[in-house]
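# A closer look at the structure
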Amino acid sequence: MSKGYHSRSPDEFKKYLQELSGGDKKKNWKQFILFLDVLLLLFVFYLASKALNPGSDIKFQPSERVMIEDVEYYFVRSESMLKDELTYFLFTTTKKEKKLPDRKASLSFVTESGLVCYGIEFTLAEKKIQPNLREYYPINFNRMKKDSLVEECSGIYKTPSFPRSFNTLFKPKSKRIDAVLKIFLEKETKKIILKDANWGYEL
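How each quantity is defined
- Residues numbered from 1 in each chain as written.
- Predicted model: local features only at pLDDT ≥ 70, side-chain atom pairs only at ≥ 80, totals over all residues.
- Heavy atoms only, no water.
- Disulfide = S-S within 2.5 Å.
- Helix = DSSP H or I, 4+ residues; strand = E, 2+ residues; numbered from the N terminus.
- Buried < 20%, exposed > 50% of the residue type's maximum accessible area, 1.4 Å probe, protein only.
- Phe/Tyr/Trp six-rings, centres within 6.5 Å; stacked < 30°, edge-to-face > 60°.
- Lys NZ or Arg CZ within 6 Å of the ring centre and 35° of its normal.
- Core = buried A, V, L, I, M, F, W, Y, C linked by side-chain atoms within 4.5 Å.
- Contact = heavy atoms within 4.5 Å.
- Pairing = 2+ DSSP bridges.
- Axes fitted to C-alpha atoms, helices over the stretch in contact; angles between N-to-C directions.
- pLDDT = per-residue confidence, 0-100.

## As for the state of the cysteines
A covalent bond bridging the sulfur atoms of two cysteines is what the word disulfide describes. For the structure shown, the criterion picks out 1 disulfide. The residue that forms a disulfide with cysteine 117 is cysteine 153, at a sulfur-sulfur distance of 2.0 Å. Handedness here is read from the sign of the S-S torsion; for cysteine 117 and cysteine 153, about -85 degrees, the answer is left-handed. With cysteine 117 in strand 6 (residues 116-124) and cysteine 153 in the loop between strand 8 (135-142) and helix 2 (166-169), the pair connects residues that are 36 residues apart, well separated along the chain. Side by side, cysteine 117 and cysteine 153 carry an identical accessibility label, which is buried.

## Description of the packing of aromatic side chains
Given two aromatic rings, their pairing is described by the distance between the two centres and the angle made by the two planes. This model, assessed by the stated rule, comprises 13 aromatic pairs. Ring centres of phenylalanine 141 and tryptophan 199 lie 5.8 Å apart, and the angle between their planes is 55 degrees; this geometry places the pair in the tilted category. Placement of the pair is phenylalanine 141 in strand 8 and tryptophan 199 in the segment after strand 10 (189-194), with a sequence separation of 58 residues. Pair check on accessibility: phenylalanine 141 and tryptophan 199 agree, each one buried. Every member of this aromatic cluster is reached through a ring pair, and the members are Phe75, Tyr88, Phe109, Tyr118, Phe141, Tyr157 and Trp199. Directly above the aromatic system of tyrosine 74 lies the positively charged group of arginine 65, at a separation of 4.0 Å from the ring centroid.

## Brief notes about the nonpolar core
Residues Tyr88, Leu90, Leu107 and Phe109 are the most contacted members of the largest nonpolar core, which totals 34 residues. Looking at this core, the elements that each hand over two or more residues are strand 1 (66-68), strand 2 (71-77), strand 3 (85-94), strand 5 (103-111), strand 6, strand 8, strand 9 (177-184) and strand 10. Take this core: its biggest share by element is 5 residues, from strand 6. Setting aside residues up to four positions removed in sequence, leucine 90 forms contacts with Tyr73, Tyr74, Phe75, Leu124, Glu135, Tyr136, Tyr137, Ile139, Leu181, Ile183 and Ile192.

## Observations regarding the sheet that holds strand 8
Strand order in the open sheet made by the 4 strands is 1-2-3-8, with antiparallel pairing throughout. In this open sheet, the two edge strands, each paired with only one partner strand, are strand 1 and strand 8. Direction aside, neighbouring strands of the sheet carry axes that sit 30 degrees apart on average.

## Some words on the pairing of strand 5
A large share of strand 5 lies buried, amounting to 8 of its 9 residues. Where strand 5 lies against strand 6, 8 bridges are found, and the strand directions are antiparallel. Paired with arginine 103 across the strands is leucine 124, a residue of strand 6. What sits between the antiparallel neighbours strand 5 and strand 6 is a turn of 4 residues, in which glycine 114 has the positive phi angle 100 degrees. Bridging between strand 5 and strand 9 involves 8 bridges; their strand directions are antiparallel. Looking at strand 9, one finds that alanine 105 is bridged to isoleucine 183.

## Notes on the confidence of the model for the chain
Low pLDDT means the predicted coordinates in that region are not meant to be read closely. Confidence in the prediction for the chain averages 80 pLDDT; 71% of positions are at 70 or higher. Counting interchain partners and residues more than four positions distant, the pLDDT-below-50 stretch residues 54-58 has 13 contacts.

## Overview of the pairing of strand 2
Counting buried positions along strand 2 yields 6 of 7 residues, so the element is predominantly enclosed. Sheet topology note: the strand 1/strand 2 ladder contains 3 bridges and is antiparallel. From the neighbouring strand, methionine 67 faces strand 2, where its bridge partner is glutamate 72.

So this is what it looks like as structure tokens:
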């Protein structure tokens, strides 16, 4: 008779089943550990991606892209926003290693008629950028209150679509306001424009 369940005594059969059950548990435990390892590995890849590309989750429309000495520049508004503070990110990319010197820069919000609603000046610190990696400069500033802006500049704040009041229902559409970032080089000034910029809703 072949060696199988029928050739075993009741005690041997019981022991055989226990061994099979224990083997399945051990196998299931190994599969669970492997699954956790894969999840941890994916999480590490996600963190590394965030570190190399800090703006990858930014959903706002970016500005136009401008080349300055073989380096591409563009900027975008940060998705996170505090009550009184706003952040923009100026991104740089290049195909070869570059060392960027200190440079003066400014960011202003300008209406279609050329009126400057708000402006700040700052310094882009010296930075070494690696090829094919996106580096960035944060630009932080405090938002002005809506009631402190002239009427032509009030469109820098979005108007809630609901609820609509009598005043907002018949109020003429706000004029477009662009964000203009200037980088001051030794012999010229480079301008980067983000069209139809806004500061979100007033909090």
